[in-house]
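An overview of the molecular structure
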Amino acid sequence: MQRLKGLFNTRHSICRFGFLSQQRSYLTQPSYAHHHDSQDLVLVVGKANSRTAILNRPSSLNSLTIPMVDRLKKLYESWEENSDFGFVMMKGSGRAFCTGADVLNLYQLIKEGKIEECKSFFRSLYHFVYLMGTYLKPHVAILDGITMGAGAGVSVPGMFRVVTDKTVFCHPETQLGFHPDAGASFYLSRLPGYLGEYLALTSDKLNGVEMIGCGLGTHYLLNARLALIEERLGKLMTDTSASIGSSLAQYGDLVYLDNRSILYKLETIDRCFSHDTVEEIVEALEKVAAESQDEWCVSSLKKLKEASPLSLKVTLQSIREARFQPLDKCLAQEYRISLSWISKRVSNDFCEGVRARLVDKDFAPKWDPPSLDDVTNDMVDDYFSPLCEFEPELGLPVALREPYALVGKNLLHHLRRQLSIGREGKGCVIVVNKWDTLPNKNQQKAAVASSGSTTEALSVNRAFHAIRRSDVVALVIEVMACITEQDSRIADRIEKEVRSSV
């Protein structure tokens, strides 16, 4: 079994429902691709019990375009409804998994005044990320190679994230005058301590071992073993999360953090990046640098000073607010921010950052405003303001995909009313699909105790498919009929899976 000797011991036990199918293997080319070349940009491989989407723009490091995102969304929606196979995989061709959005293409569209096409890209991308975050089938992302920006956004929300000795993860958006998006504010804000703020603001990189250490990755494999694990997964006839996880673990490698890993600096990161403003973060880093002469502090300060001042402040506020928001709210907020950047309503920093780093490559962007002192609170607040009445919000299908998504004080009442909690002498599972909207742990215990149960509450995350389990004597789940017939079928699958795992 794979183990990490290092800083963290955060492992989630997960139950998933599954399907059985007959043995077959083929390449599939769906007829619904509406762009002539989109099938070449996202290839599909079918196995006995799975489908694999292959991002296929190796010359552009698999950066995402509108046709690619549209095709991915249609594929995944179709696969979710297809009971002939039970799980889905995603990987990239060449030396990258995915480097995020094709910012050069976005830059050109903005220069040509085609803002609506840019908006369409972000809408499609964020809808796909939300689909991934609420996906009903186990998902395996093979993050072999460069994984940047939205490339992480289309993979991290899934159940399994396989990293390798060639994985490089980073969010370089502040260096481009943009912000970490595609769900980044959601998962970065949930990393240990203030590591998320550090990664978002400095654009520093993580390797595969470090991704395991902080929870961004779930399994570590050497690149040389990937063909073996893909062959193994392709032959699986049992598609439960347990069987998939077991197969990944069988080929996993023992990993250790390098002595120079950034994860050994979490105490310093927390001390510096826990401050409320970017100015205070810079001041704290300068103080530590003066006291210790640490090269890491000097490097971090250099990266902060190279980044867009406005982008730094917008990014910090985005991560801080996302800490208390579910995925759909984070994506809706990111959509507002992205539209503000491409509209140039406050600043032209996005186009200027792309020009300086990717077009002219003079690496001398002329940021506007030019310094942190020149960035006003009104400027930052503008990025978080609701869109105007003529500009529709993101509009994610929360009611359809997350029928139990409730927040605030109505949650406990909803749980008691909708779910059968506990049976005589047996444990129970509270089924709710948003872990982030649950009350704190003591309130969970109180809710279960009031129902007569002797077992601590558990949860089901991402639309009933990722059950977080603690030590229990017995698991008995009883789910009342949900709002729709489809939800009832989902509940039945969960019940079968949980009962079979006890």
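Notes on the structure follow. All figures in this text were calculated on a predicted structure; none of them were measured in a lab.

**Some words on the packing of helix H12 (residues 278–292) against helix H13 (residues 295–306)**
H13 packs onto H12 with a crossing angle of 150° between their chain directions and a minimal axis gap of 9 Å. Viewed along their axes, H12 and H13 adopt a mutual orientation that is roughly antiparallel. Where H12 crosses over H13, the two elements pack in a sense that is left-handed. Between H12 and H13, the contacting residues are Ile281, Val282, Leu285, Glu286, Val288 and Ala289 on the first element and Trp296, Cys297, Ser300, Leu301, Leu304 and Lys305 on the second. Among the residues forming the contact of H12 with H13, the class breakdown is nine nonpolar, one polar and two charged.

**Concerning the pattern of salt bridges**
Taken as a whole and judged by the stated rule, the model has 21 salt bridges. Note that Arg355 is salt-bridged to Glu352, the shortest N-O span being 2.8 Å. One end of the pair, Arg355, and the other, Glu352, are both in helix H16 (residues 349–359), three residues apart, so they sit about a helical turn from each other. For Glu352, a relative accessible area of 12% corresponds to the buried category. Salt bridges sharing partners connect three or more residues here, namely Glu352, Arg355, Asp360 and Asp362.

**As for the sheet that holds strand E10 (residues 168–170)**
Hydrogen bonding along the main chain pairs the strands of a sheet, whether they run parallel or antiparallel. Ordered by their spatial adjacency, four strands build an open sheet running E6-E8-E10-E11, and the pairing between neighbours is mixed. Every interior strand has two partners, whereas the edge strands, strand E6 (96–98) and strand E11 (206–207), have only one.

**Notes on the packing of aromatic side chains**
In the structure shown here, the tally under the stated rule is 11 aromatic pairs. Ring geometry for Tyr76 against Trp79: centres 5.3 Å apart, planes inclined by 45°, an arrangement best described as tilted. Here the residue Tyr76 and the residue Trp79 both occupy positions in helix H2 (residues 66–81), the gap between them amounting to three residues, near one helical turn. In this structure, Tyr76 and Trp79 share a single accessibility class: buried. Between the aromatic rings of Tyr126 and Tyr335, the centroid separation amounts to 6.3 Å while the plane-to-plane angle is 80°, which identifies the pairing as edge-to-face. Taken as a pair, Tyr126 in helix H4 (residues 115–133) and Tyr335 in helix H15 (residues 327–343) lie far apart in primary sequence, 209 residues in all. Neither Tyr126 nor Tyr335 differs from the other in exposure class; each is buried. Just above the ring of Phe85 sits the side chain of Lys137; from NZ or CZ to the centre is 4.3 Å.

**Remarks on the packing of helix H3 (residues 103–111) against H16**
H16 packs onto H3 with a crossing angle of 130° between their chain directions and a minimal axis gap of 10 Å. Overall, the two elements H3 and H16 adopt an arrangement that is oblique. H3 and H16 meet at a crossing whose hand is left-handed. Each of Val103, Leu104, Leu106, Tyr107 and Ile110 in H3 lies in contact with H16, whose residues at this interface are Phe350, Cys351, Val354, Arg355, Leu358 and Val359. Classifying every residue of the contact of H3 with H16 gives 10 nonpolar, no polar and one charged.

**A closer look at helix H9 (residues 226–234)**
Buried within H9 we find Leu226, Ile229, Leu233 and Gly234. Each buried residue of H9 lies within a common arc of 135° when the element is viewed along its axis, so the set occupies one face. In this structure, the buried residues of H9 make contact with strand E5 (87–92), strand E7 (139–143), strand E9 (160–164), strand E12 (219–221) and helix H10 (241–250).

**Considerations on the environment of Phe363**
Positionally, Phe363 belongs in the loop between H16 and helix H17 (377–384). Phe363 sits 188 residues away from Gln175 along the chain, and the two C-alpha atoms are 9.8 Å apart. With sequence-adjacent residues up to four places away left out, Phe363 is seen in contact with Ala356 and Arg357.

Conventions used here
- Residues numbered from 1 in each chain as written.
- Predicted model: local features only at pLDDT ≥ 70, side-chain atom pairs only at ≥ 80, totals over all residues.
- Heavy atoms only, no water.
- Axes fitted to C-alpha atoms, helices over the stretch in contact; angles between N-to-C directions.
- Helix = DSSP H or I, 4+ residues; strand = E, 2+ residues; numbered from the N terminus.
- Parallel < 35°, antiparallel > 145°, perpendicular 65-115°, else oblique.
- Left-handed = near helix turned anticlockwise from the far one by under 90°.
- Contact = heavy atoms within 4.5 Å.
- Nonpolar A, V, L, I, M, F, W, Y, C, P; charged D, E, K, R; others polar.
- Salt bridge = Lys/Arg side-chain N within 4 Å of Asp/Glu carboxyl O.
- Buried < 20%, exposed > 50% of the residue type's maximum accessible area, 1.4 Å probe, protein only.
- Pairing = 2+ DSSP bridges.
- Phe/Tyr/Trp six-rings, centres within 6.5 Å; stacked < 30°, edge-to-face > 60°.
- Lys NZ or Arg CZ within 6 Å of the ring centre and 35° of its normal.
- Arc of directions from axis to C-beta.

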